[in-house]
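The primary structure of each chain is shown beneath.
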Amino acid sequence: MDENFQEERFTGIIKFTPPLYKQRYQFIKDLVGKYKPKKVADLGCADCTLLWMLKFCSCIEVLAGLDICASVMKEKMHRLSPLPGDYLQPAERSLTVTLHHGSVAHKDPCMLGFDLVTCIELIEHLEQSELKKFPEVVFGFMSPSIVVISTPNSEFNPLLPGVTLFRHPDHKFEWNRAQFQSWALETARRYDYSVEFTGVGHPPTGMENVGFCTQIGVFIRKYSQASESTQFEKPTKAAYKTVFKAVYPSLKDKKYLQNAVVSEVIFTAQIIKQSLMDRLMSEHEEYNDDPIERKSKFHPSMNCFSEDLGKLIVEKSMEPFVNGNVIYIPLTTIFSFPKVNRLCGTFEKLSELIAGKVTLSSDGSAVMFNTEHENEEN
């Protein structure tokens, strides 16, 4: 049975708003917003809901999930795949999402280098032998900057109708606040972390003495990763099996960046071109008193600059211009548009990315459009 569903059965009378599991996930999202970690791992990720929520956090570039039950992950892991919109509008950041099948009692080098590790409603599912190994794996081996552990507060259980022993049949234990804090403080001391205690799921008015329904420990590593001596003794043998991996399209990938820049340059140039054509058409109609002539096809060459003057404008100005049946949109003008500027960073990068992808003038200083097609449509 899904643990969130089981929990909602018991906590429905208390009426947590939002539901308790959403409060736990929101707690993690708020923590991510505060510390801006780039690499986050969720141990005991189950149906991947937390990972799915975290993939929208723009600071995160690597997400990893680990669970002992591969079938639960596989059932919902499709939600972690990129959507068509991710390819149409690639994000500026890179994002890789990976799911692993394995036990938190085992060490695997794929879990090294994470900034934040979350263990949401996990430890109470561990056998005694697994719980004994857990601190060494997470705090000693993985040694992330931040570890968040949440677990049921057994002191709250009498307020939950239907709970006789534990809140879920797979729980091996449920600690009260003193038990959890004793374990957490000893773990923090041993691996040189600090720990703060909080929780989610406020008790009813008048019952504040029982504490939060879910108790949470936030562990912060005291030392820098560079100074950690045990990092030299890391096993290289994989203990987990990778069951899913998705690499999202990113503007950090030159292929996607080039596509985005070319599309934005063409889009911007089309807007400038249309504005110029509309202005020239308006001028043409304003000075043309012959109604019959007014209905004739518009010829841009009647309102264009001479070839010599056109070259001068490309070199000296950012103004678009028409020469014969060709419209010239200076790259400097296009580069001045905020989105193009942000995508490219430098004018040289713009020129490099659109080379061979966009029709340019002979000196490469302007985007060219032929107006003959437009004239036929008009």
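Residues numbered from 1 in each chain as written. Predicted model: local features only at pLDDT ≥ 70, side-chain atom pairs only at ≥ 80, totals over all residues. Heavy atoms only, no water.

1. Focus: the overall build of the chain
Moving on, step 1. Counting secondary structure elements, the chain contains 14 helices and eleven strands.
Moving on, step 2. Within the chain, the fraction of its 378 residues that count as buried is 47%.
Moving on, step 3. Contacts in the chain between residues at least 24 apart in sequence constitute 72% of all its contacts with a sequence separation of at least 6. (Helix = DSSP H or I, 4+ residues; strand = E, 2+ residues; numbered from the N terminus. Buried < 20%, exposed > 50% of the residue type's maximum accessible area, 1.4 Å probe, protein only. Contact = heavy atoms within 4.5 Å.)

2. Considering the packing of helix α6 (residues 128–142) against helix α7 (residues 177–191)
Moving on, step 1. For the pair α6 and α7, the least separation of the axes is 10 Å and the interaxial angle reads 45°. Comparing the axis directions of α6 and α7 gives the class oblique. The way α6 lies across α7 gives a crossing that is right-handed. In this structure, α6 uses L131, F134, P135, E136, F139 and G140 to contact α7, whose residues at the interface are W183, T187, R190 and Y191.
Moving on, step 2. Split by residue class, the contact of α6 with α7 holds six nonpolar, two polar and two charged. (Axes fitted to C-alpha atoms, helices over the stretch in contact; angles between N-to-C directions. Parallel < 35°, antiparallel > 145°, perpendicular 65-115°, else oblique. Left-handed = near helix turned anticlockwise from the far one by under 90°. Nonpolar A, V, L, I, M, F, W, Y, C, P; charged D, E, K, R; others polar.)

3. Quick look at the sheet that holds strand β9 (residues 321–323)
Moving on, step 1. One open sheet holds the three strands; their spatial order is β9-β10-β11, and the pairing between them is antiparallel. This sheet does not close on itself; its edge strands, each paired only once, are β9 and β11 (366–370). Ignoring which end each strand starts from, the neighbouring axes of this sheet average 30° apart.
Moving on, step 2. Bridge count for β9 against strand β10 (residues 326–330) is three bridges, and the pairing is antiparallel. Following the sheet pairing, N323 is matched in β10 by V326. (Pairing = 2+ DSSP bridges.)

4. Quick notes on the packing of aromatic side chains
Moving on, step 1. Scanning all chains against the criterion turns up 15 aromatic pairs.
Moving on, step 2. Their ring planes at 35° and their centres at 4.6 Å tell us that F173 and W175 sit as a pair that is tilted.
Moving on, step 3. Take W175: its relative accessible area is 12%, and that puts it in the buried class.
Moving on, step 4. Put simply, the rings of F134, F173, W175, F180, W183 and F197 touch in pairs and so form one group of aromatic residues.
Moving on, step 5. Over the face of the ring belonging to F114 we find K39, whose NZ or CZ atom lies 5.1 Å from the ring centre. (Phe/Tyr/Trp six-rings, centres within 6.5 Å; stacked < 30°, edge-to-face > 60°. Lys NZ or Arg CZ within 6 Å of the ring centre and 35° of its normal.)

5. Topic: the sheet that holds strand β6 (residues 193–200)
Moving on, step 1. What the eight strands build is an open sheet, ordered β6-β7-β5-β4-β1-β2-β3-β8; its pairing is mixed. Bordering the open sheet on either side are β6 and β8 (241–247), each of which pairs with just one other strand. With direction set aside, neighbouring strand axes in the sheet form an average angle of 15°.
Moving on, step 2. Bridge count for strand β3 (residues 96–101) against β8 is six bridges, and the pairing is antiparallel. Bridging from a neighbouring strand, H100 pairs with T242 of β8.
Moving on, step 3. Together, β1 (39–43), β4 (116–120), β5 (146–152), β6 and β7 (214–221) form the strand contacts of α6, whose direction differs from that of β5 by roughly 160°.

6. Observations concerning the confidence of the model for the chain
Moving on, step 1. Looking at the chain, pLDDT values average 87 and 83% of them are 70 or higher.
Moving on, step 2. Confidence drops under pLDDT 50 across residues 227–232; counting only partners more than four residues distant or on other chains, this segment forms eight contacts. (pLDDT = per-residue confidence, 0-100.)

7. Observations regarding the pairing of β3
Moving on, step 1. As paired elements, strand β2 (residues 62–67) and β3 share six bridges and run parallel to each other. For V62, the partnering residue across the bridge sits in β3 and is T96.

8. So, the pattern of salt bridges
Moving on, step 1. Applying the stated criterion across every chain, the model contains ten salt bridges.
Moving on, step 2. A salt bridge links E136 to K107, with the nearest nitrogen and oxygen atoms 3.3 Å apart. Note that E136 is positioned in helix α6 and K107 in the loop between β3 and β4, a separation of 29 residues in sequence.
Moving on, step 3. Judged by its relative accessible area of 32%, K107 falls in the partly exposed class.
Moving on, step 4. Two residues, R190 and E186, come together in a salt bridge whose shortest N-O distance is 3.8 Å. One end of the pair, R190, and the other, E186, are both in helix α7, four residues apart, so they sit about a helical turn from each other.
Moving on, step 5. Taking the relative accessible area as the measure of exposure, R190 reaches 47% and is therefore partly exposed.
Moving on, step 6. Taking the relative accessible area as the measure of exposure, E186 reaches 32% and is therefore partly exposed.
Moving on, step 7. Taken together, the shared-partner salt bridges in this structure form one network comprising E186, R189 and R190. (Salt bridge = Lys/Arg side-chain N within 4 Å of Asp/Glu carboxyl O.)

9. With respect to α7
Moving on, step 1. Taking 1.5 Å per residue, 15 residues should reach 21 Å; α7 reaches 21 Å between its end C-alpha atoms and fits that length.
Moving on, step 2. In this structure, the buried side of α7 is in contact with α6, β5, β6 and β7.
Moving on, step 3. Looking at where α7 begins, the residue whose side-chain oxygen comes 3.2 Å from the main-chain nitrogen of A178 is N176.
Moving on, step 4. The positive-phi residue at the C-terminal boundary of α7 is D192, with phi of around 65°. (Expected span 1.5 Å × (residues − 1). Polar contact = N/O pair within 3.5 Å; in protein donor to acceptor, adjacent residues only side chain to side chain.)

10. Quick notes on the side chain of D108
Moving on, step 1. Here D108 shows up in the loop between β3 and β4.
Moving on, step 2. Buried and without a salt bridge, D108 has K237 as its closest oppositely charged side chain, separated by 10 Å.
Moving on, step 3. A polar contact of 2.5 Å, which involves the side chain of D108, links it to the backbone nitrogen of A239.
Moving on, step 4. A distance of 2.7 Å separates a polar side-chain atom of D108 from the backbone nitrogen of Y240.
Moving on, step 5. Residues in contact with D108, not counting those within four places in the same chain, are F141, K237, A238, A239 and Y240. (Lys, Arg positive; Asp, Glu negative; His and termini not counted.)

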